[in-house]
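Examination of the molecular architecture
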Amino acid sequence: MQALKHTDVDRQLLLFKSELECPDVDYDKMKDKMLRHYEKRMRGGYASGKGVLLNLLFIHLDKNKDGHLDHAELDKVLSEVHADWPENCRPSLLIIHDDSDGDEVLSSEEFVKSFNKTKLSYPIEGVSLVTLDKDLQWVSQRAKQGDNVELACDVSGTPAPPIVWERNGVYLGTSKPAGAPAGATEEPPHYPAVDLGLRVFEDGSLFIPNTNMYHAGNFSCYTPRNTEVVQNHHLDVYTTPTVTVEPRVQTRQPGEDAVVFCHVTGEPFPQVQWLKGEEPLRATDPRKYVTIGNGTELRVRHVDFTDTGVYFCQAKSGVGTTRDMSTLIVMRQDAQSLKLQTMQHRFFVFHDRGISIHEPRSCHMHHYIRPATVIPGTQSALCGDNVDKRCIWGEALNVEDRYIYVTQPYLDRIIVISVPMLAVVEAIATDKYPVRLTYVPHTSQVWVLNWRSEQDRGAKTIQVIRDAVEKRKHVTVHLEPVRGQFDLIQGLFLPPMGRDLMRGMRFGYVSHARRQALSKVDLEELRYARTVDLSRYSCVPVDVAFSALYGFVLVRCQNPRTGQDSKLLLLDYMTDAVLAQFPNLAGRVYVTPDSRKLVALQEGKHGVDIVVMRITAMGLSFHFDIRSTLNVSDVAFYPSTSAHGYDLFATTVDKDDILFLDLFTGQVEMITGAGKPLPASKARFGAASRPIYSPRTFDRYLVSPGYDAVFVVNGHARAVNCEVGGVDDPRLAVWAASMPA
């Protein structure tokens, strides 16, 4: 039997009765509790505005999917939301109050309108009235990286109440209204965030100086006088596009092709356009101009003298426009040649018999540093004073193309090599067994992780080399002591600064053996900032990756009882709050240099599942996965030739194959003939048995040391380009660039 619809008189009587049983103040409280509950349950659903959350909530409550909400569907909220409901108020009252067409159900439009038409304004006994306009409950704001930002809180009252700011439930600060007596500020019992320079003004607004990418996300403000009234702010942080082209200058003969490469970064990602002078190129004319990979490459075909000129790669977004230029000179072969200085990209190979420097096109050895070379200012040889002069290396890194730092674990020191001079210039003493190195550009520091033994025993120390890029005598310093002694740690995890969007991140993390926590480290003051407790997630952190976009920290966890990989945690870099956990991502994880994709390796007895996830403002979203029978040793990212972004190359533990994976399409290729890998049992200090090293931005080549040779892979052609043979135990390689003499 069809239910009878209420007449207008009936509806007025029902409305009058409901207002007596559930006054407007309590009715608004009920709706606010509903929104607050589902806001947390559908984390991130309100990031694009209040309307998004309401639409998601409507879809969730519409159990029979008929596009309407009836009394039963609405009252099911009572069983989902375990809250202190106002007496005699129930969600089905929404139909009595807001069913505008009298059909006894709520449409999506009526449901959204119901939450938008009222004002949060209800008193608490003994204190002043606290109000917030419903239309201001969710506010979005944009900022450019580097700007100072002020977030205004619209929670008000008379007299003006103190305002508390939080992010992800972590306390950021409290305002003290003008004229308030000392000690009148009412602070909630939350632990404070680390000092990021934030300030809450007297009027309750939150001031964020020098906005960085990790500030993007959600903030909330309220007053301790009434914690039911909360305003949510979503902050988007955008960047001015950056553009780099190569070559800067090139000469071509008539009839040849000219190629220019362009690397672009920015958030949001900008539109890319090529120009000659100030005129856009006719990209529709493939006989002359060909653009590849959405503008990553410009090819000028069959050049003639009229093609001489300046070519611009231009990137444009709502934040700004940036361009970089490349000059093309077309000249006959018999014309006077131009001597053009270009950067020479070479790779350094560290092996048992010293250091050799090679150019990647032919693998020709450009220079050789012998193991018996005496280090300036010392009486010691490069590889020590042992009889056979065999060199044993830990890890190497490039410091601004001026120096290469490389550890010698068995000699308790770091060797410094001048890139322009191709010579050893210094040895820096360290604690025992220095292994890992990380460079922090904005502080000009090299961080050293010392194992203190050949075994990974969780009793390591950290030392820091200051002014690493300067020509001077260097020494190491320790972190601030803990309880009067140097801290003994397990792992050191620093943001890979210098990547596409990774700039100015002030904090890193360290882990301790078998401890379910991370310690946050201030990179500028060389001290511990705070401890991040992960025990409620049963997480012993074993690795940490960073995303510049949205300020995410990705923590790989092991189960404290079994010691097996268990899950991936997603943290907020600014507050260290855990935003999400992913039990299905329990292996090694890597973030692309542009912070737009995450690659997870799910390793098993019969190979590996490679899972590719997109990194978005909401967190992680699945892109695609592939299954391979290969046992992956190491991975490297390579600038994509089909789009602005990166692809992946992976070496194997027991085969001479290298896997290529297009991170946009999922296309897989195998590169064969890359030589025999080093047996995994011979790899020292946790290094990969078959490492592979990414190229510099515009290089075509990757480098992978094997058992007794070093292989150079052409990333464009996806084939072995050349081989450095006859090398005794090559362990490390590092790229560097310098101007020719």
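Residues numbered from 1 in each chain as written. Predicted model: local features only at pLDDT ≥ 70, side-chain atom pairs only at ≥ 80, totals over all residues. Heavy atoms only, no water.

- The name given to the chain in an unreviewed UniProt entry is Follistatin-related protein 5-like, with the source organism recorded as Thrips palmi.

1. So, the sheet that holds strand β40 (residues 588-591)
- The strand order across the open sheet formed by four strands is β40-β41-β42-β43, and the pairing between neighbours is antiparallel. Edge positions in the sheet fall to β40 and β43 (619-628), since each of these pairs with one other strand and no more. Pairs of neighbouring strands in the sheet enclose a mean axial angle of 20°, with direction left out of account.
- By the bridge criterion, four bridges tie β40 to strand β41 (residues 597-604) in an arrangement that is antiparallel. Bridged to valine 589 within β41 is alanine 600. (Pairing = 2+ DSSP bridges. Helix = DSSP H or I, 4+ residues; strand = E, 2+ residues; numbered from the N terminus. Axes fitted to C-alpha atoms, helices over the stretch in contact; angles between N-to-C directions.)

2. Description of the side chain of lysine 597
- Structurally, lysine 597 can be placed in strand β41.
- No salt bridge forms around the buried lysine 597; measuring N to O, its nearest opposite-charge neighbour aspartate 594 is 6.4 Å away.
- Leaving out residues up to four positions away in the same chain, lysine 597 has contacts with Tyr590, Val591, Thr592, Val612, Met613, Ile615, His623, Leu663 and Phe664. (Buried < 20%, exposed > 50% of the residue type's maximum accessible area, 1.4 Å probe, protein only. Lys, Arg positive; Asp, Glu negative; His and termini not counted. Salt bridge = Lys/Arg side-chain N within 4 Å of Asp/Glu carboxyl O. Contact = heavy atoms within 4.5 Å.)

3. Here's the deal with the environment of alanine 548
- Following the sequence through the fold, alanine 548 ends up in the loop between β36 (540-547) and β37 (552-558).
- Residues alanine 548 and tyrosine 214, 334 residues apart in the sequence, show an inter-C-alpha distance of 6.6 Å.
- Contacts of alanine 548, omitting those with residues within four sequence positions, involve Met213, Tyr214, Leu501, Met502 and Ser595.

4. Section: the pairing of β43
- The pairing of strand β42 (residues 607-616) with β43 spans nine bridges and is antiparallel. The residue bridging isoleucine 610 from the neighbouring strand is isoleucine 626, located in β43.

5. Some details on the packing of aromatic side chains
- Within this structure, the stated rule accounts for 13 aromatic pairs.
- Members of the aromatic cluster, each reached through a chain of ring pairs, are Tyr410, Tyr433, Trp451 and Phe685.
- Over the aromatic face of phenylalanine 219 sits the side chain of arginine 167, whose NZ or CZ is 4.9 Å from the ring centroid.
- Here the basic side chain of lysine 597 rests over the ring of phenylalanine 664, its NZ or CZ set 4.1 Å away from the ring centre. (Phe/Tyr/Trp six-rings, centres within 6.5 Å; stacked < 30°, edge-to-face > 60°. Lys NZ or Arg CZ within 6 Å of the ring centre and 35° of its normal.)

6. Comments concerning the pattern of salt bridges
- One pass over the full model with this rule turns up 24 salt bridges.
- For glutamate 278, the salt bridge is made with arginine 323, and the minimal N-O distance between the two is 3.0 Å. Placement of glutamate 278 in the loop between β15 (271-276) and β16 (279-280) and of arginine 323 in strand β20 (residues 321-330) is noted, with a sequence separation of 45 residues between them.
- For arginine 323, a relative accessible area of 32% puts it in the partly exposed group.
- Among the salt bridges present, the one from arginine 556 reaches aspartate 565, with a minimum N-O distance of 2.9 Å.
- In the salt-bridge network here, residues are joined through shared partners; they are Arg506, Asp522, Glu524, Glu525 and Arg527.

7. Remarks on unusual backbone geometry
- The residue after glutamate 246, namely proline 247, is reached through a cis peptide bond having omega 5°.
- Within the secondary structure, proline 247 is located in the loop between β12 (242-246) and β13 (249-252).
- Looking along the chain, the bond that leaves glutamate 267 and enters proline 268 is cis, with omega of 0°.
- At serine 444, a position not held by glycine, the phi torsion is positive, near 55°.
- Following the sequence through the fold, serine 444 ends up in the loop between β28 (434-440) and β29 (445-450).

8. Overview of the nonpolar core
- Among the nonpolar cores identified, the biggest contains 81 residues, and Trp165, Phe219, Trp447, Val555, Leu569 and Leu598 are the most heavily contacted of them.
- Excluding residues that lie within four positions of it along the chain, leucine 569 makes contacts with Leu534, Tyr537, Cys539, Val553, Leu554, Val555, Cys557, Val578, Ala580 and Gln581. (Core = buried A, V, L, I, M, F, W, Y, C linked by side-chain atoms within 4.5 Å.)

9. A short note on the pairing of strand β38 (residues 565-572)
- Burial analysis of β38 places seven of its eight residues in the buried class, which makes it a mostly covered element.
- In this structure, β37 lies alongside β38, joined through seven bridges in antiparallel fashion. Across the sheet, cysteine 557 pairs through a bridge with lysine 567, a residue of β38.
- In sequence, β37 turns back onto β38 through a hairpin of six residues, with glycine 563 there showing a positive phi of about 75°.
- Examined bridge by bridge, β38 and strand β39 (residues 578-582) share four bridges and lie antiparallel to one another. Among the inter-strand pairings, leucine 571 is bridged to a residue of β39, identified as valine 578.
- Taken together, β38 and the strand that follows it, β39, pair antiparallel across an intervening segment of five residues, in which aspartate 576 is found at a positive phi of about 65°.

10. Section: the sheet that holds strand β10 (residues 217-223)
- A sheet is described by the order of its strands in space; here five strands give the open sequence β3-β11-β10-β6-β7, paired in mixed fashion. Two strands in the sheet have a free side with no partner beyond their single neighbour: β3 (138-144) and β7 (170-174). In this sheet, adjacent strand axes meet at a mean angle of 30° when their direction is disregarded.
- Examined bridge by bridge, strand β6 (residues 164-167) and β7 share four bridges and lie antiparallel to one another. Bridging across to β7, arginine 167 finds its partner in valine 170.

11. What about the state of the cysteines?
- Counted under the stated rule, the structure contains six disulfides.
- Two residues share a disulfide in this structure: cysteine 383 and cysteine 391, whose sulfurs sit 1.5 Å from each other. Handedness of the cysteine 383-cysteine 391 disulfide follows from its S-S torsion of about 75°: it is right-handed. No difference in accessibility class separates cysteine 383 from cysteine 391, as the two residues are buried.
- Disulfide connectivity for the chain, with bonded cysteines indexed by sequence position, reads 1-2, 3-4, 5-6, 7-12, 8-9, 10-11. (Disulfide = S-S within 2.5 Å.)

12. Focus on the environment of threonine 242
- Along the chain, threonine 242 turns up in strand β12.
- As for threonine 242 and aspartate 324, which are separated by 82 residues in sequence, their C-alpha atoms are 8.8 Å apart.
- In this structure threonine 242 touches His263, Val264 and Thr265, once residues within four positions along its chain are discounted.

13. What about the confidence of the model for the chain?
- Of the residues in the chain, 88% have a pLDDT of 70 or more, and the chain-wide mean is 85.
- Contacts of residues 1-6 to residues separated by more than four positions or lying in other chains number five contacts, the stretch itself having pLDDT below 50.
- Throughout residues 118-127 the model reports pLDDT below 50, and contacts reaching past four residues in sequence, or to other chains, amount to 32 contacts. (pLDDT = per-residue confidence, 0-100.)

14. Some details on the side chain of threonine 211
- Relative to the assigned elements, threonine 211 resides in the loop between β9 (206-208) and β10.
- Apart from residues no more than four positions distant in its own chain, threonine 211 is found in contact with Lys144, Gln145, Gly146, Asp147, Asn148, Val149 and Val237.

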